[in-house]
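Each chain is listed here by its residues.
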Amino acid sequence: MASASASSQSSILKLAVSADALSPQLATLLALQRAEEPEIVVLLQEVTSRSLVRGLENGIYDMGITSATTSTDQALNTRPLWGDELALAVPLRSPLLAHAEVSLDALLHYPLVRWCLRACETLSQQVDALFRSEEQSAQETTSFELMAVFVAAGYGVGIAPRSRILQARGWGVAMRPLANGPYLIRTQLLQSSRRSAPAVERFAERAAKVTATEAA
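Residues numbered from 1 in each chain as written. Predicted model: local features only at pLDDT ≥ 70, side-chain atom pairs only at ≥ 80, totals over all residues. Heavy atoms only, no water.

*Asks:* Mind showing me how you'd approach a nonpolar patch on the surface here?
*Replies:* A surface patch of nonpolar side chains, about 210 Å² in accessible area, is lined by Ile12, Val41 and Leu43. Mapped onto the elements, Val41 comes out in strand β2 (residues 41-46). (Patch = residues over 30% accessible without salt bridge, like charges linked within 9 Å, V, L, I, M, F, W, Y side chains within 5 Å. Areas by Shrake-Rupley, 256 points an atom, 1.4 Å probe, with all protein chains shown as cover. Salt bridge = Lys/Arg side-chain N within 4 Å of Asp/Glu carboxyl O. Helix = DSSP H or I, 4+ residues; strand = E, 2+ residues; numbered from the N terminus.)

Written out as structure tokens, the structure is:
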């Protein structure tokens, strides 16, 4: 639906998604929505987490999907969705590939490029503490693609969701688990606390179905 207060006859559902929530599970959800309710047009827009929350509060979007660390207020309802874990992205010829899993201390020997690390507070704090005491600092990127380019080119190693790293092997990037993990991250579905239109609720039910399938 165009908004939570729109007529149930509306054929548009406005969905905002943050970059850290783009995933195969989202593609599965959208495919399921299209198969079961093709008359509803889903207008998908990638936005920052802050813009997503503001847009939901102002009625610009019907729903939002983002990482579970996004701060919300009482004006929004949240539903947990599928999960992932943060892992290490390394070049295909990296010596780190000799290890089944990589310790955080080993990262001090390599420039570190990180993306989406804020989605896991525990790991973020450990990395910050580790690099704060060293001259070397961790570089933040605004996109997974930029992180993958740096890693594939040999400029460092990266931290990102495991599923995204596995998809980037064609870029020249391999995945290794982080020691003392897993460092879990979770995606969430956000809605206004105002009464939602039936199409919005049906979309939320499909999201729950995809989540249950992933967990099975």
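*Asks:* How should the pairing of strand β1 (residues 12-17) be read in this particular structure?
*Replies:* Each regular strand shows side chains that alternate between the opposite faces of the sheet. Of the pairings in the sheet, the one linking β1 to β2 comprises 6 bridges and is parallel in character. Bridged to Ala16 within β2 is Gln45. Taken together, β1, helix α1 (residues 24-36) and β2 form a β-α-β motif whose crossover is right-handed. Taken together, the 3 bridges between β1 and strand β3 (residues 63-67) define a ladder with parallel strand orientation. Note on β3: the bridge partner recorded for Val17 is Ile65. (Pairing = 2+ DSSP bridges. Right-handed = clockwise from strand over helix to strand, strands pointing away.)

*Asks:* Explain the nonpolar core here, please?
*Replies:* Nonpolar side chains in soluble globular proteins tend to be buried together. Leu88, Leu107, Leu123 and Ile159 are the most contacted members of the largest nonpolar core, which has 36 residues in total. Only β4 (76-91), β5 (112-114), α3 (121-132), α4 (144-152), β7 (157-161), β8 (173-176) and β9 (183-192) provide two or more residues apiece to this core. Residues within four places of Leu88 in sequence aside, it is in contact with Leu96, Val102, Leu107, Val157, Gly158, Ile159, Ile165, Ala174, Met175, Arg176 and Leu178. Judged by nonpolar contacts, the second largest core, of 20 residues, contains Val17, Ile65, Trp82 and Ala199. (Core = buried A, V, L, I, M, F, W, Y, C linked by side-chain atoms within 4.5 Å. Buried < 20%, exposed > 50% of the residue type's maximum accessible area, 1.4 Å probe, protein only. Contact = heavy atoms within 4.5 Å.)

*Asks:* Would you mind going over α4 with me for this structure?
*Replies:* Since the α-helix advances by 3.6 residues per turn, residues separated by three or four positions end up pointing in the same direction. Here α4 has its buried residues at Phe144, Met147, Ala148 and Val151. Considered in projection along α4, the buried side chains sweep an arc of 100 degrees and stay on one side of the axis. (Arc of directions from axis to C-beta.)

*Asks:* It is not clear to me how α3 should be interpreted in this structure. Could you clarify?
*Replies:* Along its 12 residues, α3 runs 16 Å from first to last C-alpha, staying within 8% of the 16 Å computed at 1.5 Å per residue. Listed as buried for α3 are Leu123, Ser124, Val127, Leu130 and Phe131. Taken end-on, α3 shows its buried residues confined to a sector of 135 degrees, consistent with a single buried face. Seen from the buried face of α3, the exposed residues on the opposite side, beyond 90 degrees, are Glu121 and Arg132. Buried positions along α3 lie against β4, β5, β7 and β9. (Expected span 1.5 Å × (residues − 1).)

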